[in-house]
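So the chains spell out like this:
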Amino acid sequence: MIDVGANLTHAAFRDDLPGVVARARAAGVGTIVVTGTTVAESRQAAAVADRFELYSTAGVHPHHAKECDSMTLAALRDLARHPRVVAIGECGLDFNRNYSPHPDQEKWFVAQIELALSVDKPLFLHSRDAHPRFAQIVKHHGVKNAVAHCFTGERDELHAYLDLGLYIGITGWICDERRGRHLLELVKEIPRERLLLETDSPYLTPRDMRPQPRARRNEPAFLPHILGAVARASARPLEELAAETARNARVFFGLHEPGSSAAAQRPLAA
Ligand SMILES: [Zn+2]
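In this report, we go over the structure that sits alongside the text. (Residues numbered from 1 in each chain as written. Predicted model: local features only at pLDDT ≥ 70, side-chain atom pairs only at ≥ 80, totals over all residues. Heavy atoms only, no water.)

### Observations concerning the layout of surface pockets
If you roll a probe as big as a water molecule over the atoms, it shows you where there is empty space left.
Consideration 1: Quantified by volume, the largest pocket comes out at close to 610 Å³.
Consideration 2: Taken together, 25 residues line the largest pocket, and the ones lying closest to its centre are His 61, His 63, His 126, Asp 200 and Tyr 203.
Consideration 3: Counting residues per element, the lining of the largest pocket draws most heavily on strand E5 (residues 123–128), at 3 residues.
Consideration 4: Classifying every residue of the lining of the largest pocket gives 6 nonpolar, 12 polar and 7 charged. (1 Å grid on protein atoms, 1.4 Å probe; cavity = no way out; pocket = protein on both sides within 12 Å on 5 of 7 lines; lining within 4 Å. Points joined across faces, edges and corners; volume = space filled by probe spheres on them. Helix = DSSP H or I, 4+ residues; strand = E, 2+ residues; numbered from the N terminus. Nonpolar A, V, L, I, M, F, W, Y, C, P; charged D, E, K, R; others polar.)

### Quick notes on the sheet that holds strand E7 (residues 167–170)
In sheet architecture, strand pairing relies on hydrogen bonds along the backbone and comes in two forms, parallel and antiparallel.
Consideration 1: With parallel pairing, 8 strands are arranged side by side in an open sheet as E1-E2-E3-E4-E5-E6-E7-E8. Strands at the two margins of the open sheet, each flanked by one partner only, are strand E1 (2–6) and strand E8 (195–197). Direction aside, neighbouring strands of the sheet carry axes that sit 30° apart on average.
Consideration 2: Pairing geometry for E1 and strand E2 (residues 31–34), over 3 bridges, is parallel. By the bridge assignment for E2, Ala 6 is matched with Val 34. (Pairing = 2+ DSSP bridges. Axes fitted to C-alpha atoms, helices over the stretch in contact; angles between N-to-C directions.)

### What to know about the pattern of salt bridges
Pairs may arise between side chains of opposite charge once their charged atoms sit close together.
Consideration 1: Summed over all chains, the structure comprises 16 salt bridges.
Consideration 2: With a closest N to O distance of 2.4 Å, Arg 155 and Glu 189 form a salt bridge. Here the residue Arg 155 occupies a position in helix H6 (residues 155–163), and Glu 189 occupies one in the loop between helix H7 (181–186) and E8, the gap between them amounting to 34 residues.
Consideration 3: Between Arg 207 and Asp 176 there is a salt bridge whose closest N-O contact spans 3.5 Å. With Arg 207 in the loop between E8 and helix H8 (223–234) and Asp 176 in the loop between E7 and H7, the pair connects residues that are 31 residues apart, well separated along the chain.
Consideration 4: When its relative accessible area of 25% is taken as the criterion, Arg 207 is described as partly exposed.
Consideration 5: Within the structure, one salt-bridge network assembled from shared partners comprises Asp 176, Glu 177, Arg 178, Arg 179 and Arg 207. (Salt bridge = Lys/Arg side-chain N within 4 Å of Asp/Glu carboxyl O. Buried < 20%, exposed > 50% of the residue type's maximum accessible area, 1.4 Å probe, protein only.)

### As for the coordination of the zinc ion
Consideration 1: Taken together, the protein donors to the zinc ion comprise Glu 90 (OE), His 126 (ND1) and His 149 (NE2), at separations of 2.0 to 2.2 Å.
Consideration 2: Expressed as a motif, the donor residue spacing for the zinc ion is E-x35-H-x22-H. Here His 126, found in strand E5, pairs with His 149, found in the loop between strand E6 (146–148) and H6; they are 23 residues apart in sequence, far enough to count as distant. The exposure classification of His 126 matches that of His 149, with both residues buried. (Donors = N, O, S within 2.8 Å, 3.2 Å for Na, K, Ca; no water.)

### Let's talk about unusual backbone geometry
Consideration 1: Residue Pro 132 is bonded to the preceding His 131 through a cis peptide linkage, with omega at 10°.
Consideration 2: Within the secondary structure, Pro 132 sits in the loop between E5 and helix H5 (133–140).
Consideration 3: For the bond running from Ser 201 to Pro 202, omega is 0°, close enough to zero to count as cis.
Consideration 4: A positive phi angle is found at Asp 200, which is not glycine, with a value near 60°.
Consideration 5: Tracing the backbone through its elements, the reader meets Asp 200 in the loop between E8 and H8.
Consideration 6: One non-glycine residue, Ala 235, lies in positive phi territory at about 50°.
Consideration 7: Note that Ala 235 resides in the loop between H8 and helix H9 (238–253).
Consideration 8: Overall, the relative accessible area of 71% leaves Ala 235 in the exposed class.

### Comments concerning helix H3 (residues 72–80)
Consideration 1: What H3 keeps buried is the set Thr 72, Ala 75, Leu 76, Leu 79 and Ala 80. Looking straight down H3, one finds its buried side chains confined to an arc of 140°; they lie on one side.
Consideration 2: At its buried positions, H3 is contacted by helix H2 (39–52), strand E3 (55–58), strand E4 (85–94) and helix H4 (102–119). (Arc of directions from axis to C-beta. Contact = heavy atoms within 4.5 Å.)

This is the structure we're talking about:
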């Protein structure tokens, strides 16, 4: 399995990151894509990827759009050359929390789309309560290779993204009986070759995990729990779904196949 989105630079992991990565591998999570959410965090994410032979993204989350300046794009462009940086993002629109004004969010979303297109990297996208504006921007800029990470929306939003050719990232939100119930139905409508799995650690701890982890911290080792929920919802064999979503992640991010000679590659147990 591959966890395509984990915020391993978060303070929640400061004290035991080697243990977190080891537990993930022991649980069959062969690799992790560490999410970058600011320039500084993206640099740290690349350092974590180097240290543990993982991958990372480089981008600025819409929450932080108002902190972007004339140096931001050059820094991200620099990071994009790092061999373990496999996508631009997380970037997009968040009209739920509105931590940055909408014009700032749109400006830096578009700037990062243009960067991704110019360096030929996929996009790791965040969209929350931003439908249909988000889809309009993606369409207008001719984005072809992108994932709508942590999809939590409704059917019309899902199909708008699928029509645009986006991959869909499913998190432990699907395990939330209060707000994720609709995803149990929608996940069946995601074509097999477009589904990716992620924990979004340390956030979104699956609510139905028993016992709940200490301090309710989510971590990549819990990806199999999400896999199980998706497999049950879509009535698919666990191993098949694990192999398929891992293959999708390798195709999407351009990762090496398991068994290749690349030093970065760990065996990808299902
Ligand atoms: Zn996000």
